[in-house]
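# A structural walkthrough
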Amino acid sequence: MLHGGATTAKNGAMNPASPLLIFDSGVGGLSVLAPTRALLPNAPIVYAADNAAFPYGTRSEAEIAARVPALLGRLVERYRPRLAVIACNTASTIALDHVRAALDIPVVGTVPAIKPAAELSKSRVIGVLGTEATVRQPYVDDLAARFAADCTLIRHGSPELVVLAEAKLAGEHIDPSAVAAAVRPMLDADRGDEIDVVVLACTHFPLLAEELAEALPGVTLVDGGPGIARRIAWLTKDQSWPPVPSPDIAVFTGSPPSDSLQRSLTRFGLGQVQSL
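Positions within a chain are numbered from 1, following the residues in the order the chain's sequence is written. Residues qualify for local features only when their pLDDT is at least 70, as the model is predicted, and side-chain atom pairs are given and counted only at 80 or more; totals for whole chains, interfaces and linings, by contrast, use all residues. The basis for every side-chain value is the complete set of non-hydrogen atoms in the structure, without hydrogens or water.

### Remarks on the sheet that holds strand β10 (residues 272-275)
- At least two bridges found by DSSP between two strands is the condition for calling them paired. In this description a helix means any DSSP run of H or I spanning at least four residues, a strand means any run of E spanning at least two, and both kinds are numbered starting from the N terminus. Overall, parallel pairing links the six strands, which are arranged β4-β3-β1-β2-β9-β10 in an open sheet. The sheet is open, and its two borders are formed by β4 (107-108) and β10, each paired with just one other strand.
- Looking at chain direction, strand β9 (residues 249-252) and β10 are connected through four bridges and run parallel. Bridging from a neighbouring strand, A250 pairs with V273 of β10.

What follows is the structure, given as structure tokens:
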């Protein structure tokens, strides 16, 4: 187990400056950062993007299972967070147990929001929209069996949507027809026309909420970001935070962000950019 996590004050209390660490393959985890900051406005945040290996959804499970714990170990040693969030469905469904075994701080994962989707669905036909790696995981089978046994789940992996979400954050114009084409196979599947709720099983996809709402009229979109934020707030409920917020840190494992992406990061409160 890797030690060197959150720093504490002399009295043993949590150091208010000890940050939250939010980790993703790219910028998708910003859909977790935003609701977290809404609940914990003064929490210091380090947002880490493994853009050197982006996108995770097309990589092998063995590579992700080895890479993610090693990277998080380095990030914990450098930034000494009080808690880590794997704000990536693909990394969570493959590597969460490995990360928890390696670190001595709480680790919050991201799982497809199938339970709330089943609670909302009237037609009992639910779309699960994620990466190719996520939608095929046995973890999704388990969630479906536990919380949506009476529902038909139509799964669709879309690497195109991940790329479009990254492009949108980088300031590029997104063609609505490209988003519509990316979700079309899900709708064309058997009983696809009965889908009334879609689980956004990739943290990138809420960044395309407007485009997806246009492509899926009358369909309720469900993502796990707000639930993850509530979990973070609960796990840190008795801890101290700085009296005022400060510019937070974005860390990239690969090339630094473009100027337009940097402007988007600044809007999310990430005023400093560093490399790992």
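### Some points on the sheet that holds strand β7 (residues 197-201)
- Reading across from one edge, β6-β5-β7-β8 is the order of the four strands in this open sheet, with parallel pairing throughout. In this open sheet, the two edge strands, each paired with only one partner strand, are β6 (152-157) and β8 (220-222). This sheet shows a mean twist of 25 degrees between the axes of neighbouring strands, independent of strand direction.
- Where strand β5 (residues 125-130) meets β6, six bridges bridge the pair, whose relative direction is parallel. Its bridge partner lying in β6, V125 is registered against T152. Interaxial angles span 0 to 180 degrees and are taken between N-to-C directions of axes, which are lines fitted to C-alpha atoms, for helices over the stretch in contact.

### So, the nonpolar core
- Core analysis: the biggest nonpolar cluster contains 49 residues, and V85, L129, L161 and L212 have the highest contact counts within it.
- When residues in this core are grouped by element, the largest group, six residues, is from helix α7 (residues 159-169).
- When sequence neighbours within four positions are dropped, the list of residues in contact with L161 reads L129, V179, A182, V183, F205, L208 and L212.
- In terms of nonpolar packing, the next biggest core, distinct from the first, is built from 27 residues, A53, V76, Y79 and I249 among them. In this description, a nonpolar core means a group of buried Ala, Val, Leu, Ile, Met, Phe, Trp, Tyr and Cys residues linked to one another through side-chain atoms lying within 4.5 Å. The cut-offs for exposure are 20% and 50% of the maximum accessible area for each residue type, with area from a 1.4 Å probe on protein chains only; residues under the lower value are buried, those over the upper are exposed, and the others partly exposed. By definition in these notes, contact holds between two residues if any of their heavy atoms fall within 4.5 Å.

### Observations regarding the packing of aromatic side chains
- Under the pairing criterion, centres of Phe, Tyr and Trp rings, with the six-membered ring standing for Trp, must be within 6.5 Å; the plane angle then separates stacked pairs below 30 degrees from edge-to-face pairs above 60, leaving the rest tilted. Considering all chains together, one arrives at zero aromatic pairs under this definition.
- Lying across the ring of W241, R82 places its NZ or CZ 3.8 Å from the centre. Charge over a ring is defined by NZ of Lys or CZ of Arg lying within 6 Å of the ring centre and within 35 degrees of the ring normal.

### Here's the deal with the pattern of salt bridges
- For this document, the term salt bridge refers to a Lys or Arg side-chain nitrogen within 4 Å of an Asp or Glu carboxyl oxygen. Taken as a whole, this structure holds 10 salt bridges when the rule is applied.
- Between E63 and R59 there is a salt bridge whose closest N-O contact spans 2.8 Å.
- Assessed through its relative accessible area of 26%, R59 is described here as partly exposed.
- Linking R155 and D141 is a salt bridge whose minimum nitrogen-to-oxygen distance equals 2.4 Å. Here D141 lies in helix α6 (residues 138-147) and R155 lies in strand β6, a separation of 14 residues in the sequence.

### Re the packing of α7 against helix α8 (residues 176-188)
- Two elements in contact, α7 and α8, have axes whose closest approach is 9 Å; the angle formed by their N-to-C orientations is 155 degrees. By the criterion of interaxial angle, the relationship of α7 to α8 is roughly antiparallel. Once α7 is placed against α8, the crossing between them reads as left-handed. On α8, the residues that touch E160, L161 and L164 of α7 are A178, V179, A182 and V183.
- Here the term charged refers only to Asp, Glu, Lys and Arg, the term nonpolar to Ala, Val, Leu, Ile, Met, Phe, Trp, Tyr, Cys and Pro, and the term polar to all other amino acids, Gly among them. Of the residues in the contact of α7 with α8, the class split is six nonpolar, no polar and one charged. Working rule for angles: under 35 degrees goes down as roughly parallel, over 145 as roughly antiparallel, 65 to 115 as roughly perpendicular, anything else as oblique. In this scheme, a crossing is called left-handed if the near helix is turned counterclockwise away from the far one by less than a right angle; it is called right-handed if the turn is clockwise.

### So, helix α2 (residues 61-79)
- A rise of 1.5 Å per residue sets the reference length of α2, with its 19 residues, at 27 Å; its end C-alpha atoms lie 27 Å apart and thus fit the reference within 8%.
- Listed as buried for α2 are I64, A65, V68, P69, L71, L72, G73, L75, V76 and Y79.
- The inward-facing, buried residues of α2 abut β1 (20-24), β2 (45-49), β3 (83-86), α3 (89-102), β9 and β10.
- Phi for R80, located one or two positions after α2, is positive at around 50 degrees. Residue count minus one, scaled by 1.5 Å, sets the expected span of a helix.

### Here we look at the pairing of β3
- Judged by which residues are buried, β3 turns out to be covered on both faces: L83 and V85 on one side and A84 and I86 on the other are all buried.
- Pairing geometry for β1 and β3, over four bridges, is parallel. In the strand pairing of β3, L21 is matched with A84.
- Taking the sense of rotation as the criterion, the β-α-β connection linking β3, α3 and β4 turns out right-handed. Place the viewer so that the strands point away; then a crossover is right-handed whenever the path from the first strand over the helix to the second strand goes clockwise.

### Quick look at the pairing of β5
- The buried fraction of β5 amounts to six of the six residues, a majority that puts the element mostly inside the structure.
- Pairing of β5 with β7 involves five bridges; the strand directions are parallel. Within β7, the residue paired with G130 across the bridge is A201.

### Considerations on the packing of α2 against α3
- It is at 9 Å that the axes of α2 and α3 come closest, and there the two elements cross at 60 degrees. Relative to α3, the element α2 is oriented oblique. In this structure, α2 crosses over α3, and the sense of that crossing is right-handed. Residues E61, I64, A65, V68, P69 and L72 of α2 form the contact with α3, whose participating residues are T90, A91, I94, A95, H98 and V99.
- Tallied by class, the residues present in the contact of α2 with α3 amount to nine nonpolar, two polar and one charged.

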